[in-house]
Amino acid sequence: MAHWLYKSEPASWSWEQQKAAGEKGTEWTGVRNYLARNNMRAMQLGDKGFFYHSNDGLEIVGIVEVCALSHPDSTAKGDPKWDCVDIRAVMDMPKPVTLKDVKASEKLAKMSLVTSMRLSVQPVTDDEWAEVCRMGGLDNPPR
């Protein structure tokens, strides 16, 4: 299983809204960056990811999982080059992990959240996943 990070401005789509979408989840639409799109095309069912509040909050607040594979983005107005996946909320992060905390960690110095801050859908290595989960108070994080 791979791990990912999904960035969303809470004023546009918040963690609370993601949780309210329930078991069905929701499309992760509106991504118009080729690298982020390619990341979604590489995702598999059950892949876990961090839900990150960007701009306002600047913190990892929850864990999601891929519940539908890459498919045409319904907001792309028929443009076939843009895809999305569906994700559903798995759990709250017991203690939100701030961008400041991530940047302060030597173990996370190469994390995409630090090095590619503008990328809206990012890969997360297994070691980064374990460290962020530890920082967020998850002793047995979902895999």
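An unreviewed UniProt entry lists the protein chain under the name EVE domain-containing protein, with Rhizobium sophoriradicis as the source organism.

1. Topic: the sheet that holds strand β4 (residues 59–72)
Strand order in the open sheet made by the six strands is β2-β5-β4-β3-β1-β6, with mixed pairing throughout. On the outer flanks of this sheet lie β2 (26–27) and β6 (121–124), each paired with one strand and no other. Of the strand pairs in this sheet, strand β1 (residues 3–8) and β6 are connected by four bridges, and their pairing is antiparallel. Counted as the bridge partner of L5 is Q122 from β6. Sheet strands in contact with helix α5 (residues 126–135) are β1, β3 (48–53), β4, β5 (83–98) and β6, and its direction is about 55 degrees off that of β3.

2. A look at the UniProt feature "domain: EVE" (unreviewed entry) in the protein chain
In the numbering used here, UniProt assigns the "domain: EVE" (unreviewed entry) feature to residues 2–135. The span residues 2–135 shows a helical share of 25% and a strand share of 36%, and its end C-alpha atoms are spaced 19 Å apart.

About the thresholds
- Residues numbered from 1 in each chain as written.
- Predicted model: local features only at pLDDT ≥ 70, side-chain atom pairs only at ≥ 80, totals over all residues.
- Heavy atoms only, no water.
- Pairing = 2+ DSSP bridges.
- Helix = DSSP H or I, 4+ residues; strand = E, 2+ residues; numbered from the N terminus.
- Contact = heavy atoms within 4.5 Å.
- Axes fitted to C-alpha atoms, helices over the stretch in contact; angles between N-to-C directions.
- UniProt positions renumbered as here; feature names shortened; annotations may be inferred.

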